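A look at the structure
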Amino acid sequence: MGYSFPEEALEHVLWFLSSDKDRNSVSLVCKSWYEIERWCRRRVFVGNCYAVTPEIVIRRFPEVRALEMKGKPHFADFNLVPEGWGAYVYPWISAMSVAYPWLEEIKLKRMVVTDESLELISKSFKNFRVLVLSSCEGFTTDGLASIAANCSNLRELDLRDSEVEDLSGHWLSHFPDNCTSLVSLNMSCSGSEVSFSALERLVARCPNLRTLRLNRAVPLEKLPNLLRRAPQLEELGTGAYSAEIRSDIYSNLAEAFSFCKQLKGLSGFWDVVPAYLPAMYSVCSGLTSLNLSYATLQCPDLTKLVSQCHSLQRLWVLDYIEDSGLEALSASCKDLQELRVFPSDPFGAEPNVFLTEQGLVSVSEGCPKLQSVLYFCRQMSNAALITIAKNRPNMIRFRLCIIEPQVPDYLTLEPLDTGFGAIVKSCKELRRLSMSGLLTDRVFDYIGTHAKKLEMLSIAFAGDSDLGLHHVLSGCDSLRKLEIRDCPFGDKALLANAAKLETMRSLWMSSCSVSYGACKLLGQKMPRLNVEVIDERGPPDSRPDSCPVEKLYVYRTVGGRRIDMPGYVWTMDEDSTLEFS
Amino acid sequence: LEMETIYVNDLNMKATELRLGLPGTDNESDAPQSSSSSSCVKNNKRSSSEMNASFQNIVSEQLQSHAPAQKAQVVGWPPVRSYRKNVINDQQKKSSESDGCGMFVKVSMDGAPFLRKIDLKFYNNYFDLLRGLKDMLKCKIGVYSEREGYNGSEFVPTYEDKDGDWMLVGDVPWDMFINSCKRLRIMKGSEAKGLGCL
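Residues numbered from 1 in each chain as written. Chains lettered and ligands numbered in written order. Predicted model: local features only at pLDDT ≥ 70, side-chain atom pairs only at ≥ 80, totals over all residues. Heavy atoms only, no water.

Some thoughts on the overall build of chain A
Regarding its fold elements, chain A presents 22 helices and 23 strands. By the compact-globule yardstick of 25 Å for 581 residues, chain A fits well, its C-alpha radius of gyration being 26 Å. Seen through its C-alpha atoms, chain A measures out along the principal axes to roughly 75 × 65 × 60 Å. Taken across its 581 residues, chain A has 59% of its residues classed as buried. In chain A, once contacts between residues fewer than 6 apart in sequence are set aside, the share between residues at least 24 apart is 70%. In the form shown here, chain A has an accessible surface area of approximately 23000 Å², with 52% of it arising from carbon and sulfur atoms. (Helix = DSSP H or I, 4+ residues; strand = E, 2+ residues; numbered from the N terminus. Rg over C-alpha atoms; globule rule 2.2 N^0.38 Å. Buried < 20%, exposed > 50% of the residue type's maximum accessible area, 1.4 Å probe, protein only. Contact = heavy atoms within 4.5 Å. Areas by Shrake-Rupley, 256 points an atom, 1.4 Å probe, with all protein chains shown as cover.)

Right, here's the structure in full:
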């Protein structure tokens, strides 16, 4: 009866648990398991930086070595979140510089990172190894120079899709000569010309370098110099893929590629000159990932290229690939799991390429492992969506963007409700869905009824009434993130499903019909939600309660209202009626 | 026929001047014709009086459809990230300046449901081009003559030049043609009647 499981044994077992979900479950068993678990949690993931405070995290988990965090709402990617909204990482770095001297990894997405933050990181954590800044902004090359200069054990520096202010290209030269630890370097988003000789020497002295993503400014003629010094590379992002047509440049490049027997992923390809494509053919058969989304190649060149990549699992490409290229893809790349087709002329009034729904249908037919799709096109039909749903019940992520809003099925002129309905009905493991085209409340009924594993839903210019929103909030059991723009959804559905919002990470609604009064009410009713009204027209109090707000962002939090809001963001909470009375 | 110059190029004033004379009658006393000189194109145009009414209608329709080449933009739609937009814009600008990639033009054919695209650089002369078009579109295009155009053909190849004018394929030297051709339209012979009669 007095027997208890020794703590050391439990700790040893917990060491093998890496999944947050599992660790969270463990910590709920009993108080002593909670205590043991919290002392040995090394990795923390914060999906919304405002859901919790640094102090709370540090208090609960004193021995963290790796932090991953996300900031702004996803629609910030499309300029729907005004400047200065928030998501500043500095308070976190400042707190962790004291609490976690042994911190090794920081991975951030959509956060504002200043040079000050970067400098503090570089000086506070002696064993710092991994910095990933995904879609971040607020820093300059000076901040990068601090990281390069002070982090002597740096393994990964990945700036994917971030905005860096280029004050000088010499930041790369700040890596000391004795820095040989780099495994991954991604500077593709940077605009400045780095010192090529510094880059060359850095690559040469890092024998474990596996990922190298150059920026556009690195000329093609110089690429062989890097490849020869790093034949062990697995992922390469080229710079501009263009040069004067010269046979010596060509043969040099082709030979250098042929030495890279481990290459699995390629990206870059800005300004591509087709004549230089064959130089990389030798690596095609081993490629599992190919990002051609900046390559303005035309259909024949694209087709020829992808047809040789028989091991391809992931392809990102512009719509220049056209239906015929996608058909060739479906015939050649039977291992394809993820396809993203981006628009080459998103704001043009007329189609500029021959890419239709048929391309996607072909790929869904020919690629049995296809599970993740992002597709921009200009026409769609229910029939095509039904076919895709039937072909690919294993779909996990389906994001379709028909460029013109509210466009119906081009064959029948009906809404695309049945098509998307077929998708959610057939693809039982669907986790992410983005819809477009003409959609009524009916599609939301289908989604609420069938999309039980759906975690993230993006809706734009769709629906007829609150019923649509109600179907989603009441039916989607696994929903974590819901983002809505320009839909006629209002107060009723939101207030009726207020409790649901506490089970989700966040809700974004912009250009909808949610009134200020409803926002206040929601804030009052739900103390564990932050209900933030974003309105650039001035204080919502200066307008009637019935007036719809411009944008609404609701998220669950244990951190209370945030204190860093800009002038156009108002938090609705229990006190809000008192404050303004 | 009043036509506006829709596209602002680096044309000199003389080139943008509208003329109704017969082809070849205007003597350009200045420089020998270079393939990239748009001013020479105007000299070889057929006069408006030769175009029949239906052709004029088609052309003015084309003018209207060009009015807004881009639509008013909704904020954040379509959902393309700004760094992608910038890259696409840069590259579109570059390709219209440089000679690097192909010279792709759209080809429409009366009666066909969708357009095709061809790379003009792929062909060396009109003979190759017409043969390519005939193969691709499975249409009958007759033989060109300067006097009669394609009179009698089931289909007649026309093109829109840099000034927005619709021209008969074959009238100007090949080099001049590929540098001024923006798109091709294969018209039904019956609609192109009158183009061949001087």
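So, the UniProt feature "domain: F-box" (unreviewed entry) in chain A
According to UniProt, the "domain: F-box" (unreviewed entry) feature falls on residues 5-46 of chain A. Its end C-alpha atoms 31 Å apart, residues 5-46 of chain A is made of 60% helix and 10% strand. (UniProt positions renumbered as here; feature names shortened; annotations may be inferred.)

Some words on the confidence of the model for chain B
Residue and element names in this part refer to chain B. Considering every residue of chain B, the mean pLDDT works out to 67; 52% of them sit at 70 or more. Taking the mean pLDDT of every element in chain B, the minimum, 36, falls on helix 2 (residues 38-43) and the maximum, 91, on strand 3 (residues 155-161). Contacts from residues 1-12, a stretch scored under 50 in pLDDT, to residues over four places away or in other chains number 20 contacts. Ignoring residues within four places in sequence, the model shows residues 24-69, a span with pLDDT below 50, making 79 contacts including any to other chains. The ipTM for the predicted assembly is 0.90, set against a pTM of 0.78. (pLDDT = per-residue confidence, 0-100.)

Points about the nonpolar core
Among the nonpolar cores identified, the biggest contains 193 residues, and Tyr241, Phe257, Met280, Leu315, Phe398, Ile447 and Leu482 of chain A are the most heavily contacted of them. Top contributing element to this core by residue count: strand 15 (residues 372-377) of chain A, with five residues. Excluding anything up to four places from it in sequence, isoleucine 447 of chain A contacts Val424, Leu433, Met435, Leu454, Leu457 and Cys476 of chain A. The next biggest cluster of nonpolar side chains, apart from the first, holds 31 residues, and it includes Leu133, Val169, Met176 and Phe177 of chain B. (Core = buried A, V, L, I, M, F, W, Y, C linked by side-chain atoms within 4.5 Å.)

Considering the packing of helix 15 (residues 382-391) of chain A against helix 16 (residues 417-426) of chain A
All names here are of chain A. For the pair helix 15 and helix 16, the least separation of the axes is 7 Å and the interaxial angle reads 5°. If you check the angle between helix 15 and helix 16, you find them roughly parallel. Contacts between helix 15 and helix 16 pair Asn382, Leu385, Ile386, Ile388, Ala389 and Lys390 from the former with Asp417, Thr418, Gly419, Phe420, Ala422, Ile423 and Ser426 from the latter. Taken together, the residues of the contact of helix 15 with helix 16 break down into seven nonpolar, four polar and two charged. (Axes fitted to C-alpha atoms, helices over the stretch in contact; angles between N-to-C directions. Parallel < 35°, antiparallel > 145°, perpendicular 65-115°, else oblique. Nonpolar A, V, L, I, M, F, W, Y, C, P; charged D, E, K, R; others polar.)

Description of the environment of glycine 286 of chain A
All names here are of chain A. Looking at the secondary structure, you find glycine 286 in the loop between helix 11 (281-284) and strand 12 (289-292). Between the alpha carbons of glycine 286 and serine 311 there is a distance of 6.0 Å; along the sequence they are 25 residues apart. Ignoring anything within four residues of it in the chain, the contact list for glycine 286 reads Leu263, Lys264 and Ser311.

Considering the packing of aromatic side chains
Under the criterion given, the structure shown has 24 aromatic pairs over all chains. Here the aromatic rings of phenylalanine 354 of chain A and phenylalanine 114 of chain B are separated by 4.7 Å at their centres, their planes lie at 35°, and the arrangement is tilted. Of the two residues, phenylalanine 354 of chain A is situated in the loop between strand 14 (338-342) and helix 14 (357-366) and phenylalanine 114 of chain B in the loop between strand 1 (104-109) and strand 2 (116-119); the pairing between them involves two chains. When its relative accessible area of 41% is taken as the criterion, phenylalanine 114 of chain B is described as partly exposed. Three or more aromatic residues joined by ring pairs form one cluster here, namely Tyr50, Phe75, Phe78, Trp85, Trp508, Tyr553 and Tyr555 of chain A. For the cation-ring pair, lysine 222 of chain A lies above phenylalanine 196 of chain A, with the distance from its terminal atom to the ring centre recorded as 5.0 Å. (Phe/Tyr/Trp six-rings, centres within 6.5 Å; stacked < 30°, edge-to-face > 60°. Lys NZ or Arg CZ within 6 Å of the ring centre and 35° of its normal.)

Digging into the sheet that holds strand 1 of chain B
Residues and elements named next belong to chain B. Spatially, five strands are ordered 2-1-5-3-4 in an open sheet, and the strand pairing comes out mixed. At either end of the open sheet lies a strand with only one pairing partner, and these are strand 2 and strand 4 (166-168). This sheet shows a mean twist of 30° between the axes of neighbouring strands, independent of strand direction. Relative to strand 2, helix 5 (residues 126-137) is tilted by about 150°, and along the sheet it contacts strand 1, strand 2, strand 3 and strand 5 (181-188). (Pairing = 2+ DSSP bridges.)

Quick notes on the interface of chain A and chain B
The interface of chain A with chain B comprises 38 residues on the first partner and 31 residues on the second. Each partner contributes to the roughly 3200 Å² buried at the junction of chain A and chain B, and carbon and sulfur atoms together form 55% of this total. Among the residues chain A hides against chain B, the three largest losses belong to Phe78, Tyr294 and Phe347 of chain A. Together they make up 21% of the total. For the pair chain A and chain B, the interface holds two salt bridges. Put simply, glutamate 350 of chain A and lysine 106 of chain B hold a salt bridge, and the shortest N to O gap is 3.7 Å. For the pair chain A and chain B, the number of links is eight residue pairs in polar contact (both at pLDDT 80 or more). Along the lines of polarity and charge, the residues of the side of chain A that touches chain B split into 21 nonpolar, nine polar and eight charged. (Buried area = accessible area lost by both parts, 1.4 Å probe. Salt bridge = Lys/Arg side-chain N within 4 Å of Asp/Glu carboxyl O. Polar contact = N/O pair within 3.5 Å; in protein donor to acceptor, adjacent residues only side chain to side chain.)

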